[in-house]
Amino acid sequence: MSEDRYLTFALGKGRLANKTIELFEKIGITCEGMKDKDSRRLIFTNEELKLRFFLAKGPDVPTYVEYGAADIGVVGKDTIMEENRRVYEVLDLGYGRCRMCVCGPRSSEDLLKHHEMIRVASKYPNIAKDYFYNKKHQTVDIIKLNGSVELGPIVKLADVIVDIVETGSTLKENGLEVLEEICPLSARMIVNQVSMQMEPVRIRKLIQEIRKNL
Ligand code: PRP
């Protein structure tokens, strides 16, 4: 396909976006408007390189990529696992490193060992379900929350949570601990399956350049 077609990137808003913009700048891909924090603009274009970028909520990034509204996405492995979309995961970008864990008060540790019926609060119900049902073979009641998940055990909504742990300070400040580790996480690059076939040269070149700069 000709170089005239715009290659579109969906970037997860927030913590990862700045790192991604920095990484792209290192390989000569700039998009000035995107760094303006006061702007409400959602889509940015680099006319020279024929690239388009948009900032989306993290969980929506795999959706844009699966449907081909974006050719390429950058998002956390947690979101990729939770959304389970048909996309190619092509690169571990190495930043945004953290862990998906089962956390709670120390007193909940026994409930995990003895496979009791427990309540699990999480922003990631699919990851929690897969871990408890398929890996631990433990039947649990999963309660979906949208944030500040650490509140769950404190206010007795749940026995444990499944959540991201980065520095561990949120847990510590709320009297909770990591009880089990599910998997390591980091930012990943994902690609639409059709785009990969239509634009293999352009996309592979980009992946190679990024890999050299990690
Ligand atoms: C994430 C996560 C934990 C916290 C972990 O929350 O859900 O709460 O960061 O980081 P730490 O180990 O460095 O303390 P986020 O800040 O994204 O907000 P949320 O709780 O509203 O989801």
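The structure displayed is predicted, hence computed values, not measured ones.

### Quick word on the sheet that holds strand β4 (residues 72-76)
Strand order in the open sheet made by the 6 strands is β2-β3-β1-β4-β11-β5, with mixed pairing throughout. The open sheet has two free edges, formed respectively by β2 (43-46) and β5 (88-92), since each of these has just one partner strand. Neighbour-to-neighbour, the strand axes of the sheet open up by a mean angle of 25°, direction not taken into account. Judged from the 6 bridges that link them, strand β1 (residues 7-12) and strand β3 (residues 51-56) form a sheet pairing that is parallel. Bridging from a neighbouring strand, Leu11 pairs with Leu55 of β3. Of the strands in this sheet, β1, β3, β4, β5 and β11 (187-191) are in contact with helix α9 (residues 200-212), which crosses β5 at around 25°.

### Focus: the domain arrangement of the chain
Split by domain assignment, the chain resolves into domain 1 (7-96 + 186-212) and domain 2 (98-183). For domain 1 and domain 2, the distance between their C-alpha centroids amounts to 30 Å. Between domain 1 and domain 2, the residue contacts involve 5 residues of the former and 9 residues of the latter. Across the domain 1 to domain 2 interface the summed buried area is about 640 Å²; carbon plus sulfur atoms make up 51%. For the domain 1 face of the interface with domain 2, the top three residues by lost area are Asp78, Met81 and Glu82, together amounting to 75%. Here domain 1 and domain 2 share 1 salt bridge between them. Here domain 1 and domain 2 share 5 residue pairs in polar contact (both at pLDDT 80 or more) between them. Ranked by residue count, the leading element in the side of domain 1 that touches domain 2 is helix α3 (residues 77-83), at 3 residues. Taken together, the residues that form the side of domain 1 that touches domain 2 break down as 1 nonpolar, 1 polar and 3 charged.

Calculation rules
- Residues numbered from 1 in each chain as written.
- Predicted model: local features only at pLDDT ≥ 70, side-chain atom pairs only at ≥ 80, totals over all residues.
- Heavy atoms only, no water.
- Pairing = 2+ DSSP bridges.
- Helix = DSSP H or I, 4+ residues; strand = E, 2+ residues; numbered from the N terminus.
- Axes fitted to C-alpha atoms, helices over the stretch in contact; angles between N-to-C directions.
- Contact = heavy atoms within 4.5 Å.
- Domains from an automatic or database assignment.
- Buried area = accessible area lost by both parts, 1.4 Å probe.
- Salt bridge = Lys/Arg side-chain N within 4 Å of Asp/Glu carboxyl O.
- Polar contact = N/O pair within 3.5 Å; in protein donor to acceptor, adjacent residues only side chain to side chain.
- Nonpolar A, V, L, I, M, F, W, Y, C, P; charged D, E, K, R; others polar.

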